[in-house]
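# Structure assessment
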Amino acid sequence: MTIILKPEPLTAEAFAPFGEVIETTGREFYQINYGKTERYSDLADLDTLQQGGKPTVSIFRSQPVQFPFRIEVMERHPQSSQAFISLERQAFFTLVAPAGEQPLVEQIRLFRVGAQQGINYRRGVWHHYLFSPAGVRDFICLDRTGGTGSNCDEYHFTQDIIIEGC
Ligand SMILES: NC(=O)N[C@@H](O)C(=O)O
Ligand code: NI
């Protein structure tokens, strides 16, 4: 039996069990730079210091996937959060499941991240690796480097789980 995942719109409330939505819509800001800039602060809880780790900024240049796209693996970072923001401000998908020993298929959630949104996975939350829905796309990634211990556990599914398309 094939499991077809249906995307949900991404809201801070719906994503709260998995982390934060990084956006300006509906968020508080304060004026800086002599009134020329609105600063929207503390939009995500960056958790990168476990076991001597430190924060790092990367650019992910992601290749597009072909739809229908089969979900074969999910991963978690037991030692850090991980955030992604589209540099081209294009919509993309995020696939998550609650932290725990393994991702449970019935608990997988697929969200469509809007062009003006980004996401931050809380430490230990299961997610699919980043992919572009169309074209080669660049993303900023904020997560952890250095420190001790491994920081990426994978879980491989046996079921046939697919995303039909954008
Ligand atoms: N492997 C890596 O750095 N990226 C993944 O963790 C991902 O979520 O894309
Ligand atoms: Ni990851």
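Here's what I pulled together on the structure shown here. Since this is a predicted model, take the numbers as computed values, not measurements.

### Examining the environment of alanine 44
Counting through the fold element by element, alanine 44 comes out in the loop between strand S5 (37-39) and strand S6 (53-62). By relative accessible area, which is 24% here, alanine 44 ends up partly exposed. Between the C-alpha atoms of alanine 44 and alanine 83, which are 39 residues apart in sequence, the distance is 8.2 Å. Setting aside chain neighbours within four positions, we find alanine 44 in contact with Glu20, Ile22 and Asn120.

### What to know about the coordination of the nickel ion (ligand 2)
Every protein donor of the nickel ion (ligand 2) is accounted for by Glu75 (OE), His77 (NE2), Gln82 (OE1) and His127 (NE2), and the metal-donor separations fall at 2.0 to 2.2 Å. One way to put it: the 6 donor atoms around the nickel ion (ligand 2) meet at angles of 71 to 173°, and that makes the site octahedral. Mapped onto the polypeptide sequence, the residues donating to the nickel ion (ligand 2) form the spacing pattern E-x1-H-x4-Q-x44-H. Judged by its relative accessible area of 8%, histidine 77 falls in the buried class.

### Structural notes on the layout of surface pockets
Volume-wise, the largest pocket comes out at about 260 Å³. Of the residues that constitute the lining of the largest pocket, the class distribution is 7 nonpolar, 4 polar and 3 charged.

### What about the pattern of salt bridges?
What the rule picks out here adds up to 9 salt bridges. Residue glutamate 164 is joined to lysine 6 by a salt bridge in which the shortest nitrogen-to-oxygen separation is 3.1 Å. Placement of the pair is glutamate 164 in the segment after strand S16 (160-163) and lysine 6 in the loop between strand S1 (2-5) and strand S2 (8-9), with a sequence separation of 158 residues. Taking the relative accessible area as the measure of exposure, lysine 6 reaches 55% and is therefore exposed. Measuring nitrogen to oxygen at the nearest pair gives 3.9 Å for the salt bridge that ties glutamate 20 to arginine 122. Of this pair, glutamate 20 sits in strand S3 (residues 19-22) while arginine 122 sits in the loop between strand S12 (118-121) and strand S13 (126-127), and the two are 102 residues apart along the sequence.

### Let's talk about unusual backbone geometry
With an omega dihedral of 0°, the bond running from phenylalanine 67 to proline 68 counts as a cis peptide bond. Phi is positive for aspartate 42, close to 55°, though the residue is something other than glycine. A positive phi angle, close to 55°, is found at arginine 89, a residue other than glycine. Within the fold, arginine 89 resides in the loop between strand S9 (82-86) and strand S10 (92-97).

### Comments concerning empty space enclosed by the protein
This structure, assessed with the given rule, holds 1 cavity of 30 Å³ or more. Estimates place the volume of the largest cavity at around 30 Å³. Lining the largest cavity are Phe93, Thr94, Leu95, Tyr121, His128, Tyr129, Leu130 and Phe131. Counting residues per element, the lining of the largest cavity draws most heavily on S10, which supplies 3 residues.

### Considering the sheet that holds S3
Strand order in this open sheet of 5 strands is S3-S12-S9-S14-S6, and the pairing throughout is antiparallel. Of all the strands in the sheet, just S3 and S6 have a single pairing partner and so form its edges. Ignoring strand direction, the axes of neighbouring strands in this sheet form an average angle of 15°. As defined by bridge partners, S9 adjoins S12 across 4 bridges and the pair is classed as antiparallel. Within S12, the residue paired with glutamine 82 across the bridge is tyrosine 121.

Rules behind the numbers
Residues numbered from 1 in each chain as written. Chains lettered and ligands numbered in written order. Predicted model: local features only at pLDDT ≥ 70, side-chain atom pairs only at ≥ 80, totals over all residues. Heavy atoms only, no water. Helix = DSSP H or I, 4+ residues; strand = E, 2+ residues; numbered from the N terminus. Buried < 20%, exposed > 50% of the residue type's maximum accessible area, 1.4 Å probe, protein only. Contact = heavy atoms within 4.5 Å. Donors = N, O, S within 2.8 Å, 3.2 Å for Na, K, Ca; no water. Tetrahedral: all angles 85-135°; square planar, octahedral: opposite > 155°, others 65-115°. 1 Å grid on protein atoms, 1.4 Å probe; cavity = no way out; pocket = protein on both sides within 12 Å on 5 of 7 lines; lining within 4 Å. Points joined across faces, edges and corners; volume = space filled by probe spheres on them. Nonpolar A, V, L, I, M, F, W, Y, C, P; charged D, E, K, R; others polar. Salt bridge = Lys/Arg side-chain N within 4 Å of Asp/Glu carboxyl O. Pairing = 2+ DSSP bridges. Axes fitted to C-alpha atoms, helices over the stretch in contact; angles between N-to-C directions.

Shape is all these values report; function is a separate question.
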